[in-house]
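Here are the chains, one letter per residue:
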Amino acid sequence: MNRPDLDDLDHQLIDILAQDARVSNRKIASDLGVNEGTIRGRIKRLQQDRLIAFTALTSLKLEKATNIGFVAVQAEAGHVRQIARDIAHIPMVQSVMIMLGPFNIMATCLYDDLDRFHTVTSGQILAMDGVYHIETSLAVRTVKFSNRVVRITDVAGANAD
């Protein structure tokens, strides 16, 4: 993936929007010393380039399932991308990443029932063709969590690279 060519103004704009996406273009323009049209155009370009998106981030308190579990997966090298996509379609799974290291896939799950988490991990993920080992870990206390950075894509369009 090529790193986008952003200038200082783009970075300042993104930082402002990351703190409060509801701030007006007029306020941003005033704070950054440019005209409102410049801000409007840059936001449009950043959205079209899929570098930013506006959405409501919700608290875990609103989720039915509030326990966090991690599933580290060892899979056959030639099947990693497809297995990652298949795991991403499981409703309990919130994120899937392809990794370097002893495990080549990491999934994060939200669960409300430990037996259900076990059924998904052992009955679905471990049972997938090409998966030969999984290890699970359960979060017992969250010290820091940031949902500020997310991948802007949908599962159907995910390249999983």
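Everything numeric in this text was worked out from a predicted model, so none of it was measured. (Residues numbered from 1 in each chain as written. Predicted model: local features only at pLDDT ≥ 70, side-chain atom pairs only at ≥ 80, totals over all residues. Heavy atoms only, no water.)

### Considering the overall build of the protein chain
Thinking step 1. Tallying secondary structure elements over the protein chain gives five helices and four strands in all.
Thinking step 2. Taken from the N to the C terminus, the helices and strands of the protein chain come in the order α-α-α-β-α-β-β-α-β.
Thinking step 3. Across the 161 residues of the protein chain, 27% fall into the buried class.
Thinking step 4. Long-range pairs, those at least 24 residues apart, make up 62% of the contacts in the protein chain between residues at least 6 apart in sequence.
Thinking step 5. Counting only carbon and sulfur atoms, one obtains 50% of the accessible surface of the protein chain, whose full area is about 11300 Å². (Helix = DSSP H or I, 4+ residues; strand = E, 2+ residues; numbered from the N terminus. Buried < 20%, exposed > 50% of the residue type's maximum accessible area, 1.4 Å probe, protein only. Contact = heavy atoms within 4.5 Å. Areas by Shrake-Rupley, 256 points an atom, 1.4 Å probe, with all protein chains shown as cover.)

### Things to note about the nonpolar core
Across soluble globular proteins, nonpolar side chains show a tendency to be buried alongside one another.
Thinking step 1. Counting residues in each nonpolar core, the largest one holds 20 residues, and the members touching the most others are Val71, Val73, Ile87, Ile105 and Ile125.
Thinking step 2. For this core, the secondary-structure elements that each account for two or more residues are strand E1 (67-75), helix H4 (80-88), strand E3 (105-111), helix H5 (114-125) and strand E4 (131-138).
Thinking step 3. If we skip the residues at most four places from it in the chain, Ile125 touches Val71, Val73, Ile87, Ile90, Val120, Val131 and Ile134.
Thinking step 4. By size, the runner-up hydrophobic cluster in this structure holds ten residues, among which are Ile28, Leu32, Ile39 and Ile43. (Core = buried A, V, L, I, M, F, W, Y, C linked by side-chain atoms within 4.5 Å.)

### Some thoughts on the pattern of salt bridges
Thinking step 1. Summed over the entire model, instances satisfying the criterion amount to seven salt bridges.
Thinking step 2. Overlapping salt bridges, with partners in common, bring together Asp7, Asp10, Arg42 and Arg45 in one network. (Salt bridge = Lys/Arg side-chain N within 4 Å of Asp/Glu carboxyl O.)

### Quick word on the pairing of E1
Thinking step 1. In terms of burial, E1 is largely enclosed, as seven of its nine residues are buried.
Thinking step 2. Sheet topology note: the E1/E3 ladder contains seven bridges and is antiparallel. When the sheet's bridge partners are listed, Val71 is paired in E3 with Ala107.
Thinking step 3. Direction of pairing for E1 relative to E4: antiparallel, over a ladder of seven bridges. Its bridge partner lying in E4, Ala72 is registered against Glu135. (Pairing = 2+ DSSP bridges.)

### Describing the environment of Tyr111
Thinking step 1. The residue Tyr111 is located in strand E3 in this model.
Thinking step 2. Separated by 45 residues in the primary sequence, Tyr111 and Thr66 have C-alpha atoms spaced 6.2 Å apart.

### Quick word on the confidence of the model for the protein chain
Thinking step 1. Confidence along the protein chain averages 86 in pLDDT terms, with 83% of residues attaining 70 or more.
Thinking step 2. By mean pLDDT, the top-scoring element of the protein chain is H4 (97), and the lowest-scoring one is helix H1 (residues 8-19) (91).
Thinking step 3. Across residues 155-161, confidence stays below pLDDT 50; counting only partners more than four residues off in sequence or on other chains, it has twelve contacts. (pLDDT = per-residue confidence, 0-100.)

### A closer look at the packing of H1 against helix H3 (residues 36-48)
Thinking step 1. Packing of H1 against H3 leaves a shortest axis separation of 11 Å and a crossing angle of 85 degrees. Classified by the angle between their axes, H1 and H3 sit roughly perpendicular to one another. On H3, the residues touching Leu9, Asp10, Leu13, Ile14 and Leu17 of H1 are Thr38, Ile39, Arg42, Ile43, Arg45 and Leu46.
Thinking step 2. Each residue belonging to the contact of H1 with H3 can be placed in one class, and the counts come to seven nonpolar, one polar and three charged. (Axes fitted to C-alpha atoms, helices over the stretch in contact; angles between N-to-C directions. Parallel < 35°, antiparallel > 145°, perpendicular 65-115°, else oblique. Nonpolar A, V, L, I, M, F, W, Y, C, P; charged D, E, K, R; others polar.)

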